[in-house]
Amino acid sequence: MQENNSNEIVIDEWELKLDAALKELKQCQVSKELNSCSSCSLFFECELRKKYILAVYESMNKGSGGGFEF
């Protein structure tokens, strides 16, 4: 989040995408009655989780690209 001079909080497009991805991920966890993704049988193959991880990375670098490895 960014703040402008009037202390108004401005949310950029990367944070909006991150919020949307997190919401999807949480909905999946609730539907499967899980507290986290780590106990899910699809942990490594999950497209929602991959989408969320990408959204986290993009929100950190604001879409400037570059390599990212775990």
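Residues numbered from 1 in each chain as written. Predicted model: local features only at pLDDT ≥ 70, side-chain atom pairs only at ≥ 80, totals over all residues. Heavy atoms only, no water.

### Comments concerning the pattern of salt bridges
Here comes step 1: Applying the stated rule across the entire model yields three salt bridges.
Here comes step 2: Salt-bridge contacts for Lys51 lead to Glu24; the nearest nitrogen and oxygen are separated by 2.6 Å. Of this pair, Lys51 sits in helix 2 (residues 47-61) while Glu24 sits in helix 1 (residues 13-31), placing them 27 residues apart in sequence.
Here comes step 3: Its relative accessible area of 29% is what places Glu24 among the partly exposed residues.
Here comes step 4: Notably, a salt bridge pairs Lys50 with Glu47, separated by 3.7 Å at the nearest N-O pair. Pair noted here: Lys50 and Glu47 are both in helix 2, with a separation of three residues, about one helical turn.
Here comes step 5: For Glu47, a relative accessible area of 56% gives the class exposed. (Salt bridge = Lys/Arg side-chain N within 4 Å of Asp/Glu carboxyl O. Helix = DSSP H or I, 4+ residues; strand = E, 2+ residues; numbered from the N terminus. Buried < 20%, exposed > 50% of the residue type's maximum accessible area, 1.4 Å probe, protein only.)

### What about the packing of helix 1 against helix 2?
Helices that pack against each other are described as a pair by the angle of their axes relative to one another and the distance between those axes.
Here comes step 1: For the pair helix 1 and helix 2, the least separation of the axes is 9 Å and the interaxial angle reads 155°. With respect to helix 2, the element helix 1 is oriented roughly antiparallel. Helix 2 is crossed by helix 1, and the crossing has left-handed handedness. Listed contacts from helix 2 to Trp14, Lys17, Leu18, Ala21, Leu22, Glu24, Leu25 and Cys28 of helix 1 are Leu48, Arg49, Lys51, Tyr52, Ala55, Val56, Glu58 and Ser59.
Here comes step 2: When the residues that make up the contact of helix 1 with helix 2 are grouped by side-chain class, the tally is ten nonpolar, one polar and five charged. (Axes fitted to C-alpha atoms, helices over the stretch in contact; angles between N-to-C directions. Parallel < 35°, antiparallel > 145°, perpendicular 65-115°, else oblique. Left-handed = near helix turned anticlockwise from the far one by under 90°. Contact = heavy atoms within 4.5 Å. Nonpolar A, V, L, I, M, F, W, Y, C, P; charged D, E, K, R; others polar.)

### With respect to the packing of aromatic side chains
Here comes step 1: Under the definition given, this model contains one aromatic pair.
Here comes step 2: Look at Phe43 and Phe44: their rings are 4.8 Å apart centre to centre, the planes differ by 85°, and that puts the pair in the edge-to-face class.
Here comes step 3: Above the ring of Phe43, the side-chain terminus of Arg49 is found at 3.8 Å from the ring centroid. (Phe/Tyr/Trp six-rings, centres within 6.5 Å; stacked < 30°, edge-to-face > 60°. Lys NZ or Arg CZ within 6 Å of the ring centre and 35° of its normal.)

### Re helix 2
The periodicity of an α-helix, 3.6 residues per turn, causes residues three or four positions apart to be oriented the same way.
Here comes step 1: Taking 1.5 Å of rise per residue, the 15 residues of helix 2 would be expected to cover 21 Å, and the 21 Å separating its terminal C-alpha atoms lies within 8% of that figure.
Here comes step 2: Where the residues of helix 2 are buried, they touch helix 1.
Here comes step 3: After helix 2 finishes, the residue Lys62 shows a positive phi value of roughly 55°. (Expected span 1.5 Å × (residues − 1).)

### Focus on the confidence of the model for the protein
Here comes step 1: Per-residue confidence for the protein gives a mean pLDDT of 83, with 74% of residues at or over 70.
Here comes step 2: Of all the helices and strands in the protein, strand 1 (residues 2-3) carries the lowest mean pLDDT, 52, while helix 1 carries the highest, 94. (pLDDT = per-residue confidence, 0-100.)

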